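Residue strings, one per chain:
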Amino acid sequence: DRIGFVQLLSRPNHMTRITELVSVQVPFVKHASSVGWVTVSPNDSVAKRRGEAGLFHYPELEEALLRLNPGVVTADNVNAVIQQLEAVPNTMEGNRELLEWLRGGRTVNVPAEKRRRNVSLIDFANIDNNVFQVTCEWQYTPGTKKGNRADVMFLVNGIPVAIIENKNPKSPDAMERAIKQLRRYEMETPEFLTSAQVFNVTHLIDYLYGVTWNYSRKNIFVWKEKRSETYKEAVQSFFERRGFLMLLKEWILFFVKDDELQKTILRQHQTRAAVKVVERCADPKRRTGLVWHTQGSGKTFTLITAARLILEDTKRFPGATVLLVVDRNELEGQL
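All figures in this text were calculated on a predicted structure; none of them were measured in a lab.

Definitions and cut-offs
Residues numbered from 1 in each chain as written. Predicted model: local features only at pLDDT ≥ 70, side-chain atom pairs only at ≥ 80, totals over all residues. Heavy atoms only, no water. Phe/Tyr/Trp six-rings, centres within 6.5 Å; stacked < 30°, edge-to-face > 60°. Helix = DSSP H or I, 4+ residues; strand = E, 2+ residues; numbered from the N terminus. Buried < 20%, exposed > 50% of the residue type's maximum accessible area, 1.4 Å probe, protein only. Lys NZ or Arg CZ within 6 Å of the ring centre and 35° of its normal. Pairing = 2+ DSSP bridges. Contact = heavy atoms within 4.5 Å. Axes fitted to C-alpha atoms, helices over the stretch in contact; angles between N-to-C directions. Parallel < 35°, antiparallel > 145°, perpendicular 65-115°, else oblique. Left-handed = near helix turned anticlockwise from the far one by under 90°. Nonpolar A, V, L, I, M, F, W, Y, C, P; charged D, E, K, R; others polar. Core = buried A, V, L, I, M, F, W, Y, C linked by side-chain atoms within 4.5 Å. Expected span 1.5 Å × (residues − 1). Arc of directions from axis to C-beta. Salt bridge = Lys/Arg side-chain N within 4 Å of Asp/Glu carboxyl O.

Colleague: What's the story with the packing of aromatic side chains in this structure? I'm lost.
Modeller: Aromatic rings considered in pairs are described by the distance between their centres and by the relative angle of their planes. Evaluation of the coordinates by the stated rule reveals 22 aromatic pairs. With centroids separated by 6.1 Å and ring planes inclined at 35°, the aromatic side chains of Tyr140 and Phe192 adopt a geometry described as tilted. Residue Tyr140 is found in strand β4 (residues 132-140), and its partner Phe192 is found in the loop between α7 (174-188) and β7 (198-202); the two are separated by 52 residues along the sequence. Here Tyr140 falls in the buried class, since its relative accessible area comes to 5%. A network of ring pairs unites the aromatic residues Phe28, Trp37, Phe132, Phe154, Tyr207, Tyr209, Phe221, Trp223, Tyr231, Phe238, Phe239 and Phe244 as a single cluster. Directly above the aromatic system of Trp138 lies the positively charged group of Arg49, at a separation of 4.1 Å from the ring centroid. Just above the ring of Tyr58 sits the side chain of Arg50; from NZ or CZ to the centre is 4.2 Å.

Below, the structure written as structure tokens:
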């Protein structure tokens, strides 16, 4: 909005920021809005967050909790549920906990039923039963501490789920600087990244994506649906609403390696393979199938994900059994 643009003029390196705003950021938001994300101005976003220290769009979050959980979340306990979300640790463990909330894996006590019930934050079956919002210049300032600002933030039902860093396409080291910024956000204001699950880094030419709390260069990937994909097509395909909800629900993985919690995301060839395995197994006319992988292409995560999708889909695969056959002790340990 106009005020946000004027604020840019008062910042250091404002000409670089204006170039990023005009050539990358504004088109980014426009392309996202064309596939169903509602644009919220920076000022309106701050109002919804009840100030720059706010973590969520509270009106949308409260409304979604009540709408998606009749009889479980009520006017009497909705604020207590929101407080639980706010109290999640600002760590990778907290990020995993927030993802469990988003996937409907957390519960609240229902006194009338004398039991705990799962809470839904997203309706994965009916995408139109959710509120998809995008806003830019998301400034987070926790009290008297120095704050940070994201170029673009995406929210589902009031919860930030994707953070975007846009860079000047004329800068030779733009992408590396963007990744360094994300690392700095994690160190200085981890609250900034507690709920956000994925990030995009782009300067028009390259379009990279990865998961928050993991900024290793080998875990940051190029997003491309087709060989000659434009910037507009990349934004639209990544944030196509049904596919994006599938990403949140199925393709983000937490795992423990060397006694340390780690986070990753399946690459596009892995998600395609997992879906094809499930579809082949559901086809009564086919008895076999083969997925050919190269070394280092993520066979283990593809295998584990395909197995999980089959075992969890009890309607399509009642009583299913999955056998994992490996040829090395090392693989058995990984699995």
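Following the structure, the description resumes.
Colleague: Help me understand the sheet that holds β7, please; the structure alone is not making it clear to me.
Modeller: The strands making up a sheet associate through hydrogen bonds between their backbones, and the pairing can be parallel or antiparallel. Strands sit in the order β1-β4-β5-β6-β7-β8-β9 across an open sheet of 7 strands; the sheet is mixed. The open sheet has two edge strands, β1 (38-40) and β9 (221-222), and neither has a second partner. The pairing of strand β8 (residues 207-211) with β9 spans 2 bridges and is antiparallel. Bridge assignment links Leu208 to a residue of β9, and that residue is Val222. Sheet contacts for helix α9 (residues 241-251): β4, β5 (148-156), β6 (159-166) and β7; angle to β6, the most-contacted strand, approximately 105°.

Colleague: Could you clarify how one ought to interpret the packing of helix α4 (residues 58-68) against helix α5 (residues 78-86) in this entry?
Modeller: Two packed helices can be described by the angle between their axes and the distance between those axes. Between α4 and α5, whose axes approach to 10 Å, the crossing angle comes to 120°. One way to sum up the angle between α4 and α5 is to call them oblique. The element α4 and its partner α5 pack so that their crossing is right-handed. Every residue of α5 that contacts α4 at Tyr58, Leu61, Glu62, Leu65 and Leu66 is listed here: Val78, Asn79, Val81, Ile82, Leu85 and Glu86. For the contact of α4 with α5, the class distribution of residues is 8 nonpolar, 1 polar and 2 charged.

Colleague: Looking at this structure, how should I read unusual backbone geometry?
Modeller: Here the phi dihedral of Trp213 falls at roughly 70°; this positive angle occurs in a residue that is not glycine. Position of Trp213 among the secondary structure elements: in the loop between β8 and β9. Backbone geometry places Asp258, a non-glycine residue, at a positive phi of 55°. With respect to the element layout, Asp258 can be found in the loop between β10 (252-257) and β11 (260-265).

Colleague: How should the nonpolar core be read in this particular structure?
Modeller: General note: in soluble globular proteins, nonpolar side chains tend to be found buried as a group. Counting 86 residues, the largest nonpolar core has Phe154, Ile163, Phe239 and Phe244 as the members making the most contacts within it. Residue contributions to this core peak at 6 residues, all from β5. Among residues more than four places away in sequence, those in contact with Phe244 are Trp37, Val156, Val161, Ala162, Val198, Phe238 and Phe239.

Colleague: It is not clear to me how α7 should be interpreted in this structure. Could you clarify?
Modeller: Every α-helical turn comprises 3.6 residues, leaving residues that sit three or four positions apart pointing alike. A rise of 1.5 Å per residue sets the reference length of α7, with its 15 residues, at 21 Å; its end C-alpha atoms lie 21 Å apart and thus fit the reference within 8%. Those residues of α7 lying buried are Ala174, Met175, Ala178, Ile179, Gln181, Leu182 and Tyr185. Each buried residue of α7 lies within a common arc of 150° when the element is viewed along its axis, so the set occupies one face. Away from the buried face of α7 by more than 90 degrees, exposed residues Lys180 and Met187 are located. In this structure, the buried side of α7 is in contact with β5, β6, β7 and β8.

Colleague: I would appreciate a short explanation of the pattern of salt bridges in the present structure.
Modeller: When the charged atoms of two side chains lie near each other, side chains of opposite charge can form a pair. The tally for this structure, following the rule as stated, stands at 20 salt bridges. Here Arg308 makes a salt bridge to Glu250, at a shortest N to O gap of 2.7 Å. With Arg308 in helix α11 (residues 299-312) and Glu250 in helix α9, this residue pair connects regions lying 58 residues apart in the sequence. Residue classification places Arg308 among the partly exposed residues on the basis of a relative accessible area of 23%. Here Asp327 ties to Arg328 by a salt bridge, and the two come within 3.9 Å at their closest N and O atoms. By relative accessible area, which is 65% here, Asp327 ends up exposed. According to the relative accessible area criterion, Arg328 is partly exposed, its value standing at 43%.

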